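# Residue-level structural notes
Residue-level listing of the chains:
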Amino acid sequence: MNLTTSFGGLTLRNPFIVSSCSLTAHPEKNLEMEKAGAGAIVLKSIFEEEIMAQVGNMDHDPLGISGYDYVSFYQKQHCLDEYCRLIRDTKKVCSIPIIASVNCFTGTEWTVYAKMFQEAGADAIELNVMRIVSDYDYDYGTLEQQHVELLRAVKAVVTIPIIMKLGHSFTNVVPLVSRLRSEGAAAVVLFNKMCPLDFDIEKLSVRSGEALSNGSELSEVLRWTALTSAKLPAMPLLASGGVVDGNAFVKVLLAGATAAEVCSVLYKKGVSAITDMVAELNDWMVRHHCENMEQMRGRLNAAHRQDGDRFERIQFFSNISQAKNELN
Ligand SMILES: Cc1cc2nc3c(=O)[nH]c(=O)nc-3n(C[C@H](O)[C@H](O)[C@H](O)COP(=O)(O)O)c2cc1C
């Protein structure tokens, strides 16, 4: 079967993209993932916040010989150079598209980083832009507008494709994706994963929850991919969250995703999961007589409502009455 997938000027041999995470922070590991069958790789994000924390740890000027400004500039430059080296060294050994990932919190830095990474040879830039806002005096729509302005600013300084990785706490992601498309985004990722939150009820403390997905995340990804793809069929959507096996991989493509960005299963099962999931996709296509990706993409999106309005169904009433019947 022909698994070739194209979007925004990138051509992938198949729609399996290794999502940004610490597994993609080493050129030799990236080569292993290419050999296992990955269609593209998103490198581990560079976090401005992390760089600034390192710079902050140095403000005691231990040797007393250099100005703090010089040392902090050097430290920041060092981190950016390291990331450029990761891009260059990965590009030397891999032939699939390599996507750099940026997460900044000050407006100006996004463009500085993106420009450097294009010059280092990245095939595309993913903007890991997820933010949570809980301000009391927040004006609705501000966050969406910030996404649009950020895309505009980065597009003004780079020519490679820009992918916007979105969080999932929007009221309605469809108009945002539509705006991003008209501003020239190559694709959007639905969705980024927030660092999970948990409480320790004995120590009365707040802690991180389980970081790796178990598949339960898939439902919301299917819902919004299917809804968005029905409304904006020409916009490339990259599904991320809960794609933990070959069946889930097939499902997100049927929902209308152009490709899947996959992470947790690679921590759990290793890179052989890539080979298995791509083979399972191929098997499914053989069984369902799909010769290429276009023949399967979006076949179960929200434009096909033969099974009622399940995509927008919120209440459980039919499930509850069914469960009651089963109990009786
Ligand atoms: C351990 C770990 C590290 C991650 N690091 C990043 C990161 O640096 N940048 C980013 O954009 N997403 C990061 N993510 C989110 C993943 O790229 C992915 O979008 C998310 O985990 C959902 O996919 P999954 O269900 O296949 O894990 C990370 C996820 C995990 C579990």
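Just so it is clear, the model here is predicted, and its values are computed rather than measured.

Procedures and definitions
- Residues numbered from 1 in each chain as written.
- Predicted model: local features only at pLDDT ≥ 70, side-chain atom pairs only at ≥ 80, totals over all residues.
- Heavy atoms only, no water.
- Helix = DSSP H or I, 4+ residues; strand = E, 2+ residues; numbered from the N terminus.
- Rg over C-alpha atoms; globule rule 2.2 N^0.38 Å.
- Buried < 20%, exposed > 50% of the residue type's maximum accessible area, 1.4 Å probe, protein only.
- Contact = heavy atoms within 4.5 Å.
- Areas by Shrake-Rupley, 256 points an atom, 1.4 Å probe, with all protein chains shown as cover.
- Near = heavy atom within 4 Å.
- Polar contact = N/O pair within 3.5 Å; in protein donor to acceptor, adjacent residues only side chain to side chain.
- 1 Å grid on protein atoms, 1.4 Å probe; cavity = no way out; pocket = protein on both sides within 12 Å on 5 of 7 lines; lining within 4 Å.
- Sits in = over half its atoms within 2 Å of the grid points.
- Nonpolar A, V, L, I, M, F, W, Y, C, P; charged D, E, K, R; others polar.
- Points joined across faces, edges and corners; volume = space filled by probe spheres on them.
- Axes fitted to C-alpha atoms, helices over the stretch in contact; angles between N-to-C directions.
- Parallel < 35°, antiparallel > 145°, perpendicular 65-115°, else oblique.
- Left-handed = near helix turned anticlockwise from the far one by under 90°.
- Expected span 1.5 Å × (residues − 1).
- Arc of directions from axis to C-beta.
- Core = buried A, V, L, I, M, F, W, Y, C linked by side-chain atoms within 4.5 Å.
- Salt bridge = Lys/Arg side-chain N within 4 Å of Asp/Glu carboxyl O.

### A short note on the overall build of the protein chain
Looking only at helices and strands, the protein chain has 12 helices and 13 strands in total. Taking 328 residues into account, the globule formula puts the C-alpha radius of gyration at 20 Å, and the protein chain, at 21 Å, falls close to it. In terms of principal-axis extent, the alpha carbons of the protein chain reach across some 80 × 50 × 40 Å. Put simply, the protein chain has 328 residues, and 46% of those count as buried. Sequence separation of at least 24 residues holds for 68% of the intrachain contacts in the protein chain that already meet a minimum separation of 6. Of the roughly 17,000 Å² of accessible surface on the protein chain, a fraction of 53% belongs to carbon and sulfur atoms.

### Section: the site of the ligand
The ligand sits among 20 residues. The nearest are Ser19, Ser20, Ser45, Ser213 and Ser264. Separating an oxygen atom of the ligand from a side-chain N or O atom of lysine 165 is a distance of 3.0 Å. Here the ligand has 600 Å² of accessible area as a free molecule, and 88% of this is covered by the chains. In a pocket analysis with a 2 Å cut-off to the grid points, the ligand is assigned to the largest pocket. Among the residues forming the shell around the ligand, the class breakdown is 7 nonpolar, 10 polar and 3 charged.

### Focus on empty space enclosed by the protein
By the definition in use, this model includes 1 cavity of 30 Å³ or more. What the largest cavity holds in volume is close to 50 Å³. Lining the largest cavity are Met130, Arg131, Leu143, His147, Gly167, His168, Ser169, Phe170 and Met194. For the lining of the largest cavity, the class distribution of residues is 4 nonpolar, 4 polar and 1 charged.

### Quick look at the packing of helix α5 (residues 142–155) against helix α6 (residues 173–182)
Between α5 and α6, whose axes approach to 10 Å, the crossing angle comes to 15°. One way to sum up the angle between α5 and α6 is to call them roughly parallel. In terms of crossing hand, the pair formed by α5 and α6 is right-handed. Residues Glu144, Gln145, His147, Val148, Leu151 and Arg152 of α5 form the contact with α6, whose participating residues are Leu176, Arg179 and Leu180. A class-by-class count of the residues in the contact of α5 with α6 yields 4 nonpolar, 2 polar and 3 charged.

### A word on the layout of surface pockets
Within this model, the largest pocket holds a volume of roughly 1,000 Å³. What lines the largest pocket is a set of 38 residues, and nearest its centre among them are Lys165, Asn192, Lys193, Met194 and Cys195. When residues of the lining of the largest pocket are traced back to their parent elements, those giving at least two are α7 (218–231), β13 (259–262) and α9 (264–269). Classifying every residue of the lining of the largest pocket gives 18 nonpolar, 13 polar and 7 charged.

### Observations regarding helix α10 (residues 272–287)
With 16 residues, α10 ought to run about 22 Å at 1.5 Å a step, and its terminal C-alpha atoms sit 23 Å apart, in line with that. Of all the residues in α10, the buried ones are Ala273, Ile274, Met277, Val278, Leu281, Trp284 and Met285. For α10, the buried positions fall inside an angular range of 130° around the axis, keeping them on one side. Where α10 is buried, its residues contact β3 (16–18), α1 (27–36), α8 (246–255), β13, α9 and α11 (293–296). One or two positions beyond α10, positive phi appears at histidine 289, with a value near 55°.

### A look at the side chain of histidine 147
Looking at the element boundaries, histidine 147 is found in helix α5. When its relative accessible area of 1% is taken as the criterion, histidine 147 is described as buried.

### Topic: the side chain of asparagine 301
Structurally, asparagine 301 is set in the loop between α11 and α12 (317–327). Within the structure, asparagine 301 has its side chain in polar contact with the side chain of serine 229 (distance 2.7 Å). Among the polar contacts listed, one links the side chain of asparagine 301 to the backbone nitrogen of alanine 303, at a separation of 2.8 Å. Among residues more than four places away in sequence, those in contact with asparagine 301 are Ala226, Ser229, Ala230, Leu254, Ala255 and Phe311.

### As for the nonpolar core
Counting residues in each nonpolar core, the largest one holds 90 residues, and the members touching the most others are Phe117, Met164, Leu166, Ile274 and Met296. Once residues lying within four places of it in the same chain are set aside, the contact partners of methionine 296 are Val250, Leu253, Leu254, Leu281, Trp284, Met285 and Cys290. Within the second largest apolar cluster, 13 residues are counted, among which are Phe7, Ile17, Ala187 and Leu238.

### Regarding the pattern of salt bridges
Scanning all chains against the criterion turns up 11 salt bridges. Close ionic contact of glutamate 109 with lysine 76 constitutes a salt bridge, the shortest N to O distance being 2.7 Å. Of the two residues, glutamate 109 sits in helix α4 (residues 109–120) while lysine 76 sits in helix α3 (residues 68–93), which places them 33 residues apart along the sequence. What makes glutamate 109 buried here is its relative accessible area of 12%. The partner of aspartate 198 in a salt bridge is arginine 207, and the shortest N-O contact between them spans 3.3 Å. Judged by its relative accessible area of 41%, arginine 207 falls in the partly exposed class.

Any functional reading would require information that these geometric values do not contain.
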